[in-house]
Amino acid sequence: METVKPLDVASGKGKLRRAFVKVINVKKLTGVVPEGDKVEKVKVDKDLAKNAANLSESFDKLEEEYEKRLAMEALLAKLFATVSSIKSAYAQLQYAQSPYDPSGIQRADSLVVSELKALSELKQSFLKNEFDTNPDRTLVLAEIQELRSLLKTYEITGKKMECQLKLKDSEIIFLKEKFQESVSQNKLMEKRLNQSGPLDHNSPTHFVTYLHHTVKSIRGFVKMMIEQMRFSGWDVVTAADSIQPGVLYYKQEHTCFAFEHFVCKVMFEAFHLPYFSTESSSSKSSSREMFFERFAELRSVKAREYITTRPKSRFARFCRGKYLQLVHPKMELAFFGHSHVRNQVSAGEFPETSFCGAFLDMAKRVWLLHCLAFSLDNEATIFRVSEGCRFSEVYMKSVSEECLLLSESEPSVAFTVVPGFRIGKTSIQCEVYLSRSKSQRRVI
């Protein structure tokens, strides 16, 4: 007598059907059916066989639906894993762009393309109903792929945060140095003021002092701008050459003077016009006292606070215009990775960043110097020296003493770094960079 084994649901296809067939045929295998019950038994057997066939067909359908569902889950798992891989590859592409890494960009780009192709193949498989034959294995592999992609994304995020931390550390060091310089300069100014007595804004000495502070703030901003360029992977020498092409520098670090020239050129443009505007030049109704009031009003206030409280003032318009003129959109995109700062400045708001803070400090100094120039009895005028002019110690001052000491012939001007001023009969020297002769092409 044959025994029926318990059903195993996880076994292969058809086991359940065979088990039911065995149950139906068990009586046939155990003995002979009596003669009187033959007709009735035949009918019962036919009904049982029909029911068994229906049950077998139902179980086949359920098993087929289960396999389709499992295959669809495997397809979706593979889809999400591929999307995670694309996200990870795009993060690698962004990281390789700043600082610029050509090989890294190429690798990340190839990875993005390959993952997009895989995504396209998954789409075609779904449309053609071509599902994976081994969904269990695909589910495990998709989970592994997704975890690897997430791990790579977290690694890139960690590297970005490390770079930002280094940048913040350098900003902290720069601000500490600037703070110490400000403290020492304030002590020196306080000592001079105590010795000189009451402040006389008509004195050229006072104008020279403020010019000195203005130049220091310009150099502080230029230093930060060059640090941002190096951090963004820019070639500083090439950038300097694009500002002043063909200049032969005595030292490679002298390229910073080209950036100072550019910043001074932008910031002091239209300095000879009242409030840096052609609109104000037509009517010189503003008196010297009015300009000195502007000077005294802004001197003791922070630039950001003044712009926030008076966004439509002349000084606020001056800062917006000079920033948009000085900081090119491509430069801003390289520095910050976006153009949000430019959009905010255009809308009249300066973000609270160290870069914008350094710019506002410089803009405030230039504006105060401008107001002071127009408040003098003998109005201050600005001048620059053309390229190739013979060096004269009366009107010029070299930004580097090495240029004078190492020059084999009579030095000539390569470009003006900081403009000079005339107040009545008094001349304040402009600062220039001297050009090298062709025999001195080697950078020291």
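You'll find the structure just up there.
In this report, we go over the structure that sits alongside the text.

Here's the deal with the pairing of strand β6 (residues 430-434)
- Most of β6 is tucked away, with five of its five residues classed as buried.
- Alternating residues of β6 divide into C430, V432 and L434 and E431 and Y433, and every residue in both groups is buried.
- In this structure, strand β2 (residues 396-398) lies alongside β6, joined through three bridges in parallel fashion. The residue bridging M396 from the neighbouring strand is C430, located in β6.
- As judged from the four bridges shared by strand β3 (residues 413-418) and β6, these two strands associate in the antiparallel manner. Note that in β6 the partner of V413 across the bridge is L434.

Thoughts on the pattern of salt bridges
- A complete count under the given rule lists ten salt bridges for this structure.
- For E73, the salt bridge is made with R69, and the minimal N-O distance between the two is 3.7 Å. Taken together, the residues span about one helical turn, with E73 and R69 both in helix α3 (residues 38-97) at a distance of four residues.
- What makes E73 partly exposed here is its relative accessible area of 36%.
- Taking the relative accessible area as the measure of exposure, R69 reaches 58% and is therefore exposed.
- Put simply, K397 and E431 hold a salt bridge, and the shortest N to O gap is 4.0 Å. In this pair, K397 sits in strand β2 while E431 sits in strand β6, placing the two residues 34 residues apart along the sequence.

Some remarks on the sheet that holds strand β5 (residues 426-428)
- A sheet is described by the order of its strands in space; here three strands give the open sequence β1-β4-β5, paired in antiparallel fashion. The strands lining the two open edges of the sheet, one partner per strand, are β1 (380-383) and β5. Strand-to-strand, the axes of this sheet are offset by a mean angle of 20°, without reference to chain direction.
- When β1 meets strand β4 (residues 420-423), the two strands line up antiparallel, connected through four bridges. The residue bridging I382 from the neighbouring strand is F421, located in β4.
- The strands touched by helix α6 (residues 204-231) within the sheet are β1, β4 and β5, with β4 carrying the most contacts at an inclination of about 165°.

Some words on the packing of aromatic side chains
- Within the structure shown, the criterion is met by 29 aromatic pairs.
- Centroid distance Y210 to F295: 5.1 Å. Interplanar angle 70°. Geometry classified as edge-to-face. Here F295 lies in helix α10 (residues 288-299) and Y210 lies in helix α6, a separation of 85 residues in the sequence.
- You can call Y210 buried: its relative accessible area is 5%.
- Geometrically, the ring pair formed by F221 and F355 is tilted, given 5.2 Å between the ring centres and 45° between the ring planes.

Rules used throughout
Residues numbered from 1 in each chain as written. Predicted model: local features only at pLDDT ≥ 70, side-chain atom pairs only at ≥ 80, totals over all residues. Heavy atoms only, no water. Buried < 20%, exposed > 50% of the residue type's maximum accessible area, 1.4 Å probe, protein only. Helix = DSSP H or I, 4+ residues; strand = E, 2+ residues; numbered from the N terminus. Pairing = 2+ DSSP bridges. Salt bridge = Lys/Arg side-chain N within 4 Å of Asp/Glu carboxyl O. Axes fitted to C-alpha atoms, helices over the stretch in contact; angles between N-to-C directions. Contact = heavy atoms within 4.5 Å. Phe/Tyr/Trp six-rings, centres within 6.5 Å; stacked < 30°, edge-to-face > 60°.

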